[in-house]
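# What the coordinates show
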Amino acid sequence: MKIGPHLIEPALVLAPMAGVTDRPFRVLCRRLGAGLAVSEMTISDPRMWKTEKSRTRMDHAGEAGPVSVQIAGHDPALLAEAARHNVGHGADIIDINMGCPAKKVCKVDAGSALLRDEALVARICAAVVAAVPVPVTLKIRTGWSRSERNGVRIARIAEDAGIAALAVHGRSREDRFEGEAEYDTIAAIKQAVRIPVMANGDIRGPEQAQRVLRHTGADALMIGRAAQGRPWIFREIRHFLETGTHLPPPERDWIGRLLLEHLQAMVGLYGEAQGVRIGRKHIRWYCEDHDGVEDFWRVVSTETVSQRQQQAVARFFGVDDGFGVLSAAA
């Protein structure tokens, strides 16, 4: 898949997820097989750009290109300015959020709430495309509600406005993350436009990835929640699509080393206290399928010192050299 001048190889994309797809997680996913990793959304209000949260979200130091940054809001002029600001800070691709179903986003008429106002969608897309010299992509849902799946019309509007690629989550705004994703609308969108289409929603493993590609005809797959605690899912899917066979599951100590590297990178980005707090949810995701996780979680969930947190992780996974691991086997 190409987005403007950028070849996305493999055509497997890490979905933007607020509070999850920070730089440490994006770097891991890229190294473990993602062809592109989209940042968590940056609000379009310039008053928020100097906050610590915005600073870390805009930090792309050492990140492999192309760098894709998602912006969120409802005002075309502010979104255009946010796009320019992020390109100035290293973005190679700008992604517009019209897919988030969260109440705090939709109540300010941003995210997937925008799908009910097709004229505003057109103005936003045109304004952002005109504002920057890099490709602009758009993430949407199948529609505003189950009864109003207007994703095909939105896709055509986006293409006409110069959007370079679309990512489509197979649920409406009304569905949030409930029930099962449907792919018929994504298939219809793919037939309706000439720009690349990424299929998103409930892609949890290699077989499902293959089924979604065949059903939709999509140019790429976008994976979100299934990558939490399992950033190696991208290489598993790539291997299966290319060979029809499964990679062996990663060894327990390899997972432990990877998690230790992840935790250390978060402390490096956020500092000790915040890095430890943010690290807890990732620890939970990495560990949830392992025996003894509940007893381990009761210990590690209240730990406030990064060294002790990492030592507990090393013991749980049986990592011999434990704290101080600087890199994991790729």
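If you're wondering where the values come from, they're calculated on a predicted model, not measured in any experiment. Numbering of residues starts from 1 in every chain and runs along the sequence as written. Per-residue local features are limited, in this predicted model, to residues with pLDDT of at least 70; the limit for side-chain atom pairs, both in listing and counting, is 80 or more; totals at the level of whole chains, interfaces and linings are taken over all residues. The side-chain quantities take in all heavy atoms of the structure and omit both hydrogens and water.

## Quick word on the overall build of the protein chain
A helix here means a DSSP run of H or I that spans at least four residues, while a strand means a run of E at least two residues long, and both kinds are numbered starting from the N terminus. Within the protein chain one finds 13 helices and eleven strands. Note on classification: 1.4 Å probe, protein chains only; a residue is buried when its accessible area is under 20% of the maximum for its type, exposed when over 50%, partly exposed between these limits. A burial count over the protein chain gives 58% of its 330 residues as buried. Contacts: residue pairs with any heavy atoms within 4.5 Å of one another. Of all intrachain contacts in the protein chain linking residues separated by at least 6 positions in sequence, the fraction that spans at least 24 positions is 69%. Summed over its atoms, the accessible surface of the protein chain is roughly 13900 Å², and 51% of this surface lies on carbon and sulfur atoms. The accessible surface values rely on the Shrake-Rupley method and a 1.4 Å probe; as for residues, cover is taken only from the protein chains in view.

## A closer look at the sheet that holds strand S6 (residues 68-72)
Sheet strands pair via backbone hydrogen bonds, and the direction of the pair is either parallel or antiparallel. Strands pair, by our definition, only if DSSP identifies at least two bridges between them. In space, the nine strands of this open sheet follow the order S4-S3-S11-S10-S9-S8-S7-S6-S5, with parallel pairing throughout. Only two strands of the sheet have a single partner each, and these edge strands are strand S4 (36-37) and strand S5 (42-43). Of the pairings in the sheet, the one linking S6 to strand S7 (residues 93-98) comprises four bridges and is parallel in character. By the bridge assignment, Val69 is partnered in S7 with Ile94. A fitted line through C-alpha atoms serves as each axis, taken over the contacting stretch for helices, and the angle formed by two N-to-C directions is quoted from 0 to 180°. Across the sheet, helix H8 (residues 206-216) lies against strand S10 (197-200) and strand S11 (220-223), angled at about 130 degrees from S11, the strand it touches most.

## Observations regarding the confidence of the model for the protein chain
Regions with low pLDDT carry predicted coordinates that are not meant to be interpreted in detail. Each residue carries a pLDDT score, the predictor's own confidence in it, on a scale running from 0 to 100. Across the protein chain, the average pLDDT comes to 90, with 89% of residues at 70 or higher. Across residues 103-108, confidence stays below pLDDT 50; counting only partners more than four residues off in sequence or on other chains, it has eleven contacts. Counting interchain partners and residues more than four positions distant, the pLDDT-below-50 stretch residues 322-330 has 22 contacts.

## Describing the nonpolar core
Counting residues in hydrophobic clusters, the biggest one holds 59 residues, and the most contacted among them are Met98, Val128, Leu138 and Phe234. Nonpolar cores were defined as sets of buried Ala, Val, Leu, Ile, Met, Phe, Trp, Tyr and Cys residues, with membership established by side-chain atoms within 4.5 Å. Membership of the second largest hydrophobic core comes to 25 residues, among which are Trp254, Leu263, Ala312 and Ala314.

## Considerations on the pattern of salt bridges
Salt bridge, as applied in this entry: a Lys or Arg side-chain nitrogen positioned within 4 Å of an Asp or Glu carboxyl oxygen. According to the stated counting rule, one finds 16 salt bridges in the structure shown. Among the ionic pairs, Arg84 bridges to Glu81, the shortest N-O distance being 3.0 Å. On the criterion of helical spacing, the pair formed by Arg84 and Glu81 is a turn pair, its members being three residues apart in helix H3 (residues 76-88). Notably, a salt bridge pairs Glu303 with Arg308, separated by 3.1 Å at the nearest N-O pair. The class for Arg308 is partly exposed, based on a relative accessible area of 43%.

## Details of the side chain of Glu182
If you trace the backbone, Glu182 turns up in the loop between strand S9 (165-169) and helix H7 (184-192). Here a polar contact is recorded for every N or O atom pair within 3.5 Å, except that within protein the pair must consist of a potential hydrogen donor and a potential acceptor, and residues adjacent in sequence are included only if both atoms are side-chain atoms. Among the polar contacts made by the side chain of Glu182, one reaches the side chain of Thr185 at a distance of 2.6 Å. The contact partners of Glu182, leaving out residues within four places of it in the chain, are Thr142, Arg149 and Gly170.

## Describing helix H12 (residues 293-300)
For H12, every residue scored as buried is listed here: Val293, Phe296 and Val300. Across the axial projection of H12, the buried residues extend over an arc of 65 degrees, all falling on one side. Among the exposed residues of H12, those pointing more than 90 degrees away from its buried face are Asp295, Arg298 and Val299. Taken together, the buried residues of H12 touch helix H11 (272-287) and helix H13 (306-317). Starting at the helix axis, one direction is taken to each C-beta atom, and the arc is that of these directions.

## Quick notes on the packing of aromatic side chains
Any two of the Phe, Tyr and Trp rings considered here, Trp counted by its six-membered ring, make a pair once their centres fall within 6.5 Å; the pair's planes then place it as stacked at under 30 degrees, edge-to-face at over 60, or tilted in between. Summed over the entire model, instances satisfying the criterion amount to four aromatic pairs. With a centroid separation of 5.7 Å and an interplanar angle of 75 degrees, the aromatic rings of Trp232 and Trp254 are classed as edge-to-face. Taken together, the residues Trp232 in the loop between S11 and helix H9 (233-243) and Trp254 in helix H10 (residues 252-270) connect sequence positions 22 residues apart. Taking relative accessible area as the criterion, Trp232 reaches 7% and is therefore assigned buried. The exposure class of Trp254 is buried, given its relative accessible area of 10%. Residues Trp232 and Tyr286 carry aromatic rings whose centres are separated by 6.3 Å and whose planes lie at 50 degrees to one another, so their mutual orientation is tilted. Note that Trp232 is positioned in the loop between S11 and H9 and Tyr286 in helix H11, a separation of 54 residues in sequence. Both residues of the pair, Trp232 and Tyr286, belong to the buried class.

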